Amino acid sequence: MYFSYLCIWNMSQPLAERMRPRTLDDYIGQQHLVGEGAVLRRMIDAGRISSFILWGPPGVGKTTLAHIIANRLETPFYTLSAVTSGVKDVRDVIDKAQKGRFFTEASPILFIDEIHRFSKSQQDSLLGAVERGIVTLIGATTENPSFEVIRPLLSRCQLYVLKSLDKDDLLNLLYRAITTDIVLKERHIEVRETGALLRYSGGDARKLLNILELVVEAESGDVVLTDELVTARLQQNPLAYDKDGEMHYDIISAFIKSIRGSDPDAAIYWLARMIEGGEDPKFIARRLVISAAEDIGLANPNALLLANAAFDAVQKIGWPEGRIPLAEATIYLATSPKSNSAYLAIDKSLDLVRRTGNQPVPLHIRNAPTSLMKELGYHDGYKYPHDYPGHFTPQQYLPDALQNERLWFAQLSPSEQKLYERMCQYWGERYHKTGD
């Protein structure tokens, strides 16, 4: 009787829940964290973990990994959702964990999903328990913790970044679902094409399984999985496979691409979609700041100032009035001239640093706070630019081995051309070189 009930209960669960891994051996993806010899795997195998935060997009296994760790360590496991829990709930769980500590050597695990939604006071209420080891905190977030988690709490936790699942991971999951799931293995499913399924999934395991379930349930008899079938089913019911995921990632992508493409009508439309869908205003504001720096850049430096001002305004005035500065910044960014020269320059510079290592700083621009450093020639020969006409004189600033490198290349906008012309006036031939 119990077995029959269990089977019926399992079959009534969504496919994504039925396929949730129970052990690390069944866990797909994130091998940089849980593969043989990886940092989290070593801690789990050792039987003791420290507090940490898992940061990554939806559907990559953050919650699943927390449950697997708790099961593997056989330690009490408490879970809170930052969406529905308050300070009192946090204190209640900490009190239970403290009283139950007698029964286990390891600290109980407190898992907080969407920890970025916890207020400062809620996060403050965790500090003491984490610091004293009353609980081992595992937080999960889709947002950058440096923006959303208070510094004292972040300093007490390791940060592990989870990646979107790649094509091989998703295909592994697809075929595992078809062949092992209690429901799907009873259906005859032929996989002919996977392009649309992978594209709509966007590296999200839960979204892939939800799409697969939607397609299979809509078919009677045998199922032949093709790109045309997947696209048709999703067009009939575009939000059925994970509204939150679609709203949070697909629409923000359309929003940023519309700003980058200088289409204010499309940009303001996608902004309205996010507002109407209940998106976090701070999430939108942060993306505007990033877009101003990455896509407008030096073509209109005021864009970053305005985007940052919109971010501040949203935090100060709240909702619904905050939609107005967001709209103002969106239209301003979409209608601004565009340049990604700063974005390209920092990426090119990082690549150069990684390829060439720690090149020595030229002696004449080193700091010389001690007499020994002065005797060794530190600071010798440095020319103070303000002592020269126009507050400039040529001298070497890059390391010896890289002194002829060009990393920033101006792009065609009136604002940036002025900067380029000044550099040509200062540096002559060096800045007459063009980019790759």
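All of the points below concern the structure found in this document. Since the structure is predicted, the reported quantities are computational estimates derived from the model, not experimental observations. (Residues numbered from 1 in each chain as written. Predicted model: local features only at pLDDT ≥ 70, side-chain atom pairs only at ≥ 80, totals over all residues. Heavy atoms only, no water.)

**Some words on the packing of helix H4 (residues 39-46) against helix H5 (residues 62-73)**
When two helices pack together, their arrangement is given by the angle between their axes and by how far apart the axes lie. At their nearest, the axes of H4 and H5 sit 9 Å apart, and the two run at 25° to each other. Taken together, the axis directions place H4 and H5 in an arrangement best described as roughly parallel. Two secondary-structure elements touch here, H4 through Leu 40, Ile 44 and Asp 45 and H5 through Leu 65, Ile 69, Arg 72 and Leu 73. When the residues that make up the contact of H4 with H5 are grouped by side-chain class, the tally is five nonpolar, no polar and two charged. (Axes fitted to C-alpha atoms, helices over the stretch in contact; angles between N-to-C directions. Helix = DSSP H or I, 4+ residues; strand = E, 2+ residues; numbered from the N terminus. Parallel < 35°, antiparallel > 145°, perpendicular 65-115°, else oblique. Contact = heavy atoms within 4.5 Å. Nonpolar A, V, L, I, M, F, W, Y, C, P; charged D, E, K, R; others polar.)

**With respect to unusual backbone geometry**
Residues other than glycine predominantly adopt negative phi, and peptide bonds predominantly adopt the trans conformation. Its identity as a non-glycine residue notwithstanding, Glu 114 has a phi of 55°, on the positive side. Looking at where Glu 114 falls in the secondary structure, it is placed in the loop between strand E3 (109-113) and helix H7 (120-131). The partly exposed category is assigned to Glu 114, whose relative accessible area is 25%. Phi is positive for Ser 262, which is not a glycine, with a value near 60°. Relative to the elements of secondary structure, Ser 262 occurs in the loop between helix H14 (243-260) and helix H15 (264-276). (Buried < 20%, exposed > 50% of the residue type's maximum accessible area, 1.4 Å probe, protein only.)

**Remarks on the environment of Glu 74**
Within the fold, Glu 74 resides in the loop between H5 and strand E2 (77-81). By relative accessible area, Glu 74 is classed as exposed at 69%. A C-alpha to C-alpha distance of 9.3 Å links Glu 74 and Gly 47, two positions 27 residues apart in sequence.

**Things to note about the nonpolar core**
By size, the foremost hydrophobic cluster in this structure holds 29 residues, and its most contacted members are Leu 174, Leu 208, Leu 209 and Leu 212. Going through the elements one at a time, helix H2 (15-18), helix H10 (167-180), helix H11 (195-201), helix H12 (205-218), strand E7 (223-225) and helix H13 (227-236) are the ones with two or more residues in this core. For this core, the element with the highest residue contribution is H12, accounting for eight residues. In contact with Leu 209, not counting residues within four places along its chain, are Leu 15, Ala 16, Met 19, Leu 173 and Ala 177. Within the second largest apolar cluster, 24 residues are counted, among which are Ile 256, Leu 326, Ala 329 and Leu 333. (Core = buried A, V, L, I, M, F, W, Y, C linked by side-chain atoms within 4.5 Å.)

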